[in-house]
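Single-letter residue listing:
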Amino acid sequence: MAIPNAALQKLLQEVETQAVLSQQKITQTQAELSAKRRDARLNQLTSNELKSLSPDTNVYEGVGKMFIAVPSTTLNKRLASEAAALSKDITELEKKLHYQETTYKNSRQHIEKILQTGGGRS
C-alpha cells in the first residue's frame, strides 16, 4: 500500500518541524545547564573560601546595593542549601537534555526513512 505524495510530504514537513523545535530546545537547555553549572561552581568557590576563614571572622552578604553582616555559619547554611538546589536543577536539566537529544535523533531517523521511502518511488 503506497502512501500518496501529498500525505508523505505533509508527514515529512511535520517531522522536520519537530526536529527543528527539538534542536532549538536542545540549544536552550544547554544554555540553562551551562548557567546552572557556572552558578554551582561560584557557589562552591565561595563555600571553600568561607571554610578557609576562622569561624569568628566577620562576613558580609550582599542584599541589593548594601551589605549586611551575617555569621559565617548562616552564610554556610545558605550556600549549602543553594548547592543542593543547584545540584537538583542540574540533574533535571541533564535528563531534559537527554530526552530532547533522543527526540531530535528519532526525528532525524524518521526523516531519513521517509525520504528513502519517497525516494524509492518515482
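Located above this text is the structure these notes cover.
In this report, the structure presented in the accompanying data block is examined. Throughout, a residue's number is its position along its own chain's written sequence, starting from 1. The predicted nature of this model means local features are confined to residues of pLDDT at least 70 and side-chain atom pairs, given and counted, to a pLDDT of 80 or more, with totals for whole chains, interfaces and linings taken over all residues. With hydrogens and water set aside, each side-chain value is computed from the structure's full complement of heavy atoms.

## Looking at helix 1 (residues 5-52)
Item 1. Helix and strand assignments follow DSSP, with helices taken as H or I runs no shorter than four residues and strands as E runs no shorter than two, numbered in order from the N terminus. Each helix should span, by expectation, one fewer than its residue count multiplied by 1.5 Å. With 48 residues, helix 1 extends 70 Å between its outermost C-alpha atoms, agreeing within 8% with the 70 Å of an ideal straight helix rising 1.5 Å per residue.
Item 2. Only protein chains enter the accessibility calculation, which uses a 1.4 Å probe; a residue whose area is less than 20% of its type maximum is buried, one above 50% is exposed, and one in between is partly exposed. Considered for burial, the residues of helix 1 that qualify are Leu-8, Leu-12, Val-15, Ala-19, Ser-22, Ile-26, Thr-29, Leu-33, Asn-43, Ser-47 and Leu-50.

## A word on the pairing of strand 2 (residues 66-70)
Item 1. Examined bridge by bridge, strand 1 (residues 59-63) and strand 2 share five bridges and lie antiparallel to one another. Within strand 2, the residue paired with Gly-62 across the bridge is Phe-67.
Item 2. Between strand 1 and strand 2, which pair antiparallel one after the other, the connecting turn spans two residues, and Gly-64 there sits at a positive phi close to 65°. The rule for pairing is simple: two strands pair if DSSP sees at least two bridges between them.

## Looking at the pattern of salt bridges
Item 1. Salt bridges, as used here, are contacts in which a Lys or Arg side-chain nitrogen is within 4 Å of a carboxyl oxygen on Asp or Glu. Summed over the entire model, instances satisfying the criterion amount to four salt bridges.
Item 2. A salt bridge links Lys-36 to Asp-89, with the shortest nitrogen-to-oxygen separation between them at 3.2 Å. With Lys-36 in helix 1 and Asp-89 in helix 2 (residues 72-120), this residue pair connects regions lying 53 residues apart in the sequence.

## As for the environment of Tyr-99
Item 1. Here Tyr-99 shows up in helix 2.
Item 2. Take Tyr-99: its relative accessible area is 59%, and that puts it in the exposed class.
Item 3. As a C-alpha pair, Tyr-99 and Ile-26 span 73 residues in sequence and 9.3 Å in three-dimensional space.

Without other data, these values stay purely geometric and don't point to any function.
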